[in-house]
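Each chain is listed here by its residues.
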Amino acid sequence: MNTMNPSIAAKANMQDQGAEIPVPADRPEDTIIEEGRTVGKPFVDDPKFKLRNVSVSYGSDRAIKDISLDIGRNEVISFIGPSGCGKSTFLRCLNRMNDSIDICRVEGQLLLDDEDVYHSKRDVVELRARVGMVFQKPNPFPKSIYDNVAYGPRIHGLANRKSDLDEIVENSLRKAGLWEEAKDRLDSVATGMSGGQQQRLCIARAIAVSPEVILMDEPCSALDPIATAKVEELISEMSESYTIVIVTHSMQQAARVSRRTAYFHLGHLVEVNETDKVFTSPEHQLTESYITGRFG
Amino acid sequence: MQTANLLPLVLVLAVVAYGLAYMRSRAVAAPLGGIRNLKALPVYYASRAALWCAIPALIVLAVWAGFEGKVIQGIVIATLPQDTWPESPGQASLILSQISNVAAGNLNPEFVPEHIAGAASVLEAMESQSENFKAALVLLVAVAGAGFAWTRVAPHINARLNVETTLRRIFFVCAALAVLTTAGIVFSVILETVRFFNRVPISEFLFSTSWSPQTALRADQVGSDGAFGVIPLFTGTLLISAIALLVAVPVGLLSAIYLSEYASKRVRSTAKPVMEMLAGIPTVVYGFFAALTVAPFIRDVAEMVGLQASSQSALAAGLVMGIMIVPFVSSLSDDVINAVPQTMRDGSLALGATQSETMKKVIFPAALPGIIGGILLAASRAIGETMIVVMAAGLAANLTANPLESVTTVTVQIATLLVGDQEFDSAKTLSAFALGMLLFLVTLLLNVIALKIVRKYREQYE
């Protein structure tokens, strides 16, 4: 997976600059994006999420323009692209976190295990229990470490006895690699932990309700390199049992953790492919410009 | 010159000093190549000049005004013939008021003894002299201060530090004033309370169950011994406040939750100001609403279900008071609920919690300290409220827990004790201070308890 060509990797360090979209001089015709057309391999067999012709608009603003994509079972897929390209918006459609925004309208077909996510009779609570989410900024509740992890199991009634709950909490913390650090201070307030620990706690909290899919919205952007390494290691371990969708600004991170990578541009899904293919021989000119750091 | 004229004059001088020092500092800076060669911006030199001009002058003015009267009085008394010198402070103040009345022209000098008339003319002369000296001195100090500041406009002197230090001291004095005023009020109330307890034993005040503060004005009056048991008053206060909070806390809190979490922007932007308008209605309006509409309605309803209800009832006062304090609870709670970061809501919703679960388990605990604060504010309004109770609950100090009967509260009794002509050393009047003291202690205790609770249960989200 880590077969990035060195010059690309070096240039990739220059990402996150948020530049304008230039017109590359050599192959201008390739920068034209055809709506609804995605190069690479957007579709897989037996997908977990089957997304067809998805458009999202805020009022009259179209943030996502006719995207079709499959997300495989137990696959780690990363969404990359310049700031404001719609990758977070798209991610938040998957567990309907956009519902709380009044003016947000989602069109198209979003199927989770062949069931419509946006069906009018869909139980959002059940959906979100199956599709968990980890946010950019660690957001533990101002409760004890134990109560943070136990929050989800409690509201979903996953444990009948205290011992069951203890077990869920311990398992979740173990899976999040936090048990050794936290087992002696389960009753202390979670907001007193370091940023990296808080983020792993948020992951443990998401795992505790045994979701099938975990959405991660730039989970490491507020963390230092060591904490980032821990979270990435955790993602790799979790990929055995969960489907993980991760939005990231770090191309190295995408390269390290994901099997497939999707490149978003101005609300379009430009290219989806195996991660090493995207980073070594991108098919689309825009993808190449982005990963070589010509704009970010 | 009068103090009233002197004060604006000093301020005008300060403004002038400000302008002059400002221009002076620019002038000093110009040959050096601009104001960046000064240690501080021209504004600071100018502010310092204004402060130097105004503050010493105002201090002189305050000191002069504070001691002027005493000094002149002493001198005037000293001019009286030896044999007419006052023997007691009471007599002295009598003579002085006579003298000043003559001096002010309220009393014809021919009607008073000659030495008084003489002293009056001395007083008059001294007062006008004092005015002149005062004006001269204050203006001199102001000009001298400004002049000193003028000489201190120099590139190497850092006026910024002086100005900042001075401002810090001014702020400190303002804060100290507030604290000292509070301390002064408490102190004077304590003194009067002690005087009251010299007449009425503290055990009777605290534990007796009857309140009837009519004391005999003459020794031969009958039937007004005065009973100063505070229990019925506090029972009434607690009863009415409890009813008010029972109305205000659920209504206020739930409406705050609705407005902050569920209501659309349009509903919120109209409903919130309308609710806050409730707080702007004068309490006397609530009072007659309670007395003329609510109380009779409650009596009628009570009679329909076969209960005995007084036409003035604790229930009527409490209900209306509850409506009155709804905005305190709802507005403050709404603000603190909104202050809980959106990431908390997202975190909870993303775990599959419903909106109400999120509210109950995450947002409410995080907002609790602020909500308790709002409820406390509302409670102190309820305890301190007088007008509604006077009009709707009556003056009878009944010891009862029945909200359909008429009761009275501590504040209402304080008000009625001090209305009209009073002897200022009778137990009846002094009892108002004791009531005030007790009320103060109770609210203080409430605040301390609430603070403790908040500290213990707060969930800090940042």
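All residue numbers refer to position in the chain's written sequence, counted from 1. Chain letters start at A and ligand numbers start at 1, both assigned in the order the entries are written. Residues qualify for local features only when their pLDDT is at least 70, as the model is predicted, and side-chain atom pairs are given and counted only at 80 or more; totals for whole chains, interfaces and linings, by contrast, use all residues.

1. Side note on the overall build of chain A
- For chain A, the helix and strand inventory stands at 11 helices and 11 strands.
- Note on burial: count the other C-beta atoms lying within 10 Å of the residue's C-beta; 20 or more is buried, 12 or fewer is exposed, in between is partly exposed, and C-beta positions come from the backbone. Sorting the 296 residues of chain A into buried and exposed places 47% on the buried side. Per the convention used, a helix needs a DSSP run of H or I reaching at least four residues, while a strand needs a run of E reaching at least two, with both numbered from the N terminus.

2. Observations concerning the nonpolar core
- Note on definitions: a nonpolar core is a set of buried residues drawn from Ala, Val, Leu, Ile, Met, Phe, Trp, Tyr and Cys, linked by C-beta atoms within 7 Å. Of all hydrophobic cores here, the largest spans 140 residues; its most connected members are Val245(A), Ala290(B), Ala316(B), Ala317(B), Val320(B) and Ala392(B).
- The dominant element in this core, judged by the number of residues it contributes, is helix 10 (residues 314-339) of chain B, at 16 residues.
- It is the C-beta atoms, placed from the backbone, that decide contacts: two residues are in contact if theirs lie within 7 Å. Setting aside residues no more than four positions away along its own chain, Ala317(B) makes contact with Ile240(B), Ala290(B), Ile388(B), Val389(B), Ala392(B) and Ala393(B).
- Residues Tyr18(B), Tyr22(B), Ala54(B) and Ala146(B) belong to the second largest nonpolar core, which totals 28 residues.

3. Considering the interface of chain A and chain B
- On the chain B side, the residues contacting the 21 residues of chain A number 16 residues.
- Elements with a minimum of two residues in the side of chain A that touches chain B: helix 3 (124-130), strand 7 (131-134), helix 4 (145-155) and helix 7 (195-207) of chain A.

4. Thoughts on the confidence of the model for chain B
- Across chain B, the average pLDDT comes to 86, with 96% of residues at 70 or higher.
- In the model of chain B, helix 3 (residues 89-104) of chain B stands out as the element of lowest mean pLDDT, 81, in contrast to helix 5 (residues 159-199) of chain B, which has the highest, 92. The pLDDT score gives, residue by residue, the confidence of the prediction method on a 0 to 100 scale.

5. Quick notes on the UniProt feature "domain: ABC transporter" (unreviewed entry) in chain A
- Cross-referencing UniProt, the feature "domain: ABC transporter" (unreviewed entry) maps to residues 49-291 of chain A in the present numbering.
- For the annotated span residues 49-291 of chain A, helix accounts for 37% and strand for 27% of the residues, and the straight-line distance between the end C-alpha atoms is 26 Å. UniProt positions are given in the numbering used here, feature names are shortened, and annotations may be inferred rather than shown by experiment.

6. Topic: the sheet that holds strand 7 of chain A
All names here are of chain A.
- If you walk across this open sheet you meet the 7 strands as 1-11-10-4-9-8-7, and the pairing is mixed. Every other strand in the sheet has two partners, leaving strand 1 (39-40) and strand 7 as the edge strands with one partner each.
- Of the pairings in the sheet, the one linking strand 4 (residues 76-80) to strand 10 (residues 260-265) comprises 4 bridges and is parallel in character. Within the sheet, the bridge partner assigned to Ile-80 lies in strand 10 and is Tyr-263.
- Think of each axis as a best-fit line through the C-alpha atoms, taken over the contacting stretch in the case of a helix, with angles from 0 to 180 degrees between the N-to-C directions. Seen against the sheet, helix 7 touches strand 7 and strand 8 (213-217) and runs at an angle of roughly 170° to strand 7. One bridge is not enough; two strands pair if DSSP finds at least two bridges between them.

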